[in-house]
Amino acid sequence: MHIESDSNTILIIADEPAKAARLTPILSAEGYRIETVLSFSLPLPHMNVKPDLGIIWFPYASPEALPEFGKIVQALQALGGAEPLQVLLIIDQDGTRWVEPSFRLGITDILTRPIHPLVLRQRVRLLLKARQTEELNEQLKRKVENQERQRMINALDSA
């Protein structure tokens, strides 16, 4: 199954152009629009398009980096509007000690390097599909609530 990706934008945040350059061809080959930020400085630059997924390739250097990382995650999630934007974190194998703190900060999913391109594409597909399913569920819930409200109004009017 292939998700329609013509409307999906992925925001990649990395500290080096080479890191973003490794991800961009893999994801753009799937039809995703890629936006790149090559800095962990806040605030994040203004984007003309709301991203559907964020990817952070964060170089954990020391435990002191965790608060800075938390602020970046919050800023990225805020781009999602009412529903926090999902965030995929890429870490090096020696960064595995950061897995638990990252999930506590709200990271949606984590990939450890080295990353196989097919694994990256599949993970992105699954995250985007989960987001779309959540949005459809919310729309359906609102529709059912509106129908129930209208039924109650009609029942009161006829009484």
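Conventions used here
Residues numbered from 1 in each chain as written. Predicted model: local features only at pLDDT ≥ 70, side-chain atom pairs only at ≥ 80, totals over all residues. Heavy atoms only, no water. Phe/Tyr/Trp six-rings, centres within 6.5 Å; stacked < 30°, edge-to-face > 60°. Helix = DSSP H or I, 4+ residues; strand = E, 2+ residues; numbered from the N terminus. Buried < 20%, exposed > 50% of the residue type's maximum accessible area, 1.4 Å probe, protein only. Expected span 1.5 Å × (residues − 1). Arc of directions from axis to C-beta. Core = buried A, V, L, I, M, F, W, Y, C linked by side-chain atoms within 4.5 Å. Contact = heavy atoms within 4.5 Å. Axes fitted to C-alpha atoms, helices over the stretch in contact; angles between N-to-C directions. Left-handed = near helix turned anticlockwise from the far one by under 90°.

### Section: the packing of aromatic side chains
Counted under the stated rule, the structure contains 2 aromatic pairs. Taking the centre distance of 4.8 Å and the plane angle of 45° together, the rings of Phe 58 and Phe 69 count as tilted. A residue pair is termed long-range when its members are at least 10 positions apart, and Phe 58 in the loop between strand E3 (53-57) and helix H2 (65-78) and Phe 69 in helix H2 qualify at 11 residues. Look at Phe 58 and you get buried, because its relative accessible area is 4%. Classification of Phe 69 by relative accessible area gives buried; the value is 0%. Grouping aromatic residues by their ring pairs yields a cluster made of Phe 40, Phe 58 and Phe 69.

### Things to note about H2
Over its 14 residues, H2 runs 20 Å from end to end, which matches the ideal 20 Å to within 8%, given 1.5 Å per residue. Of all the residues in H2, the buried ones are Ala 65, Phe 69, Gly 70, Ile 72, Val 73, Leu 76 and Gln 77. Take H2 and look down its axis: the buried residues cluster within an arc of 165°, on one side only. In H2, the exposed positions that point more than 90 degrees away from the buried face belong to Pro 67, Lys 71, Gln 74 and Ala 78.

### Comments concerning the nonpolar core
In a soluble, globular protein the nonpolar side chains are often hidden away together inside. The biggest cluster of nonpolar side chains holds 21 residues, and the ones touching the most others in it are Ile 13, Ile 56, Phe 58, Phe 69, Leu 76 and Leu 89. Of all the secondary structure elements, the ones that give two or more residues to this core are strand E1 (9-14), H2 and strand E4 (87-91). Apart from the residues within four sequence positions on either side, Leu 76 is in contact with Leu 11, Ile 13, Leu 44, Gly 54, Ile 56, Leu 85 and Val 87. Counting 19 residues, the second largest nonpolar core, distinct from the first, contains Ile 34, Ile 55, Leu 111 and Leu 120.

### Thoughts on the packing of helix H1 (residues 17-28) against helix H4 (residues 117-158)
To characterise two packed helices, one gives the angle between the axes of the helices and the distance between these axes. Between H1 and H4, the least distance of the axes is 10 Å, while the angle of their chain directions is 65°. As H1 runs across H4, the sense of the crossing is right-handed. In contact with Leu 23, Ile 26 and Leu 27 of H1, H4 contributes Pro 117, Leu 120, Arg 121 and Val 124.

### Notes on the environment of Pro 117
Of note, Pro 117 is situated in helix H4. Linking Pro 117 and Leu 27, residues 90 residues apart in sequence, is a C-alpha distance of 8.7 Å.

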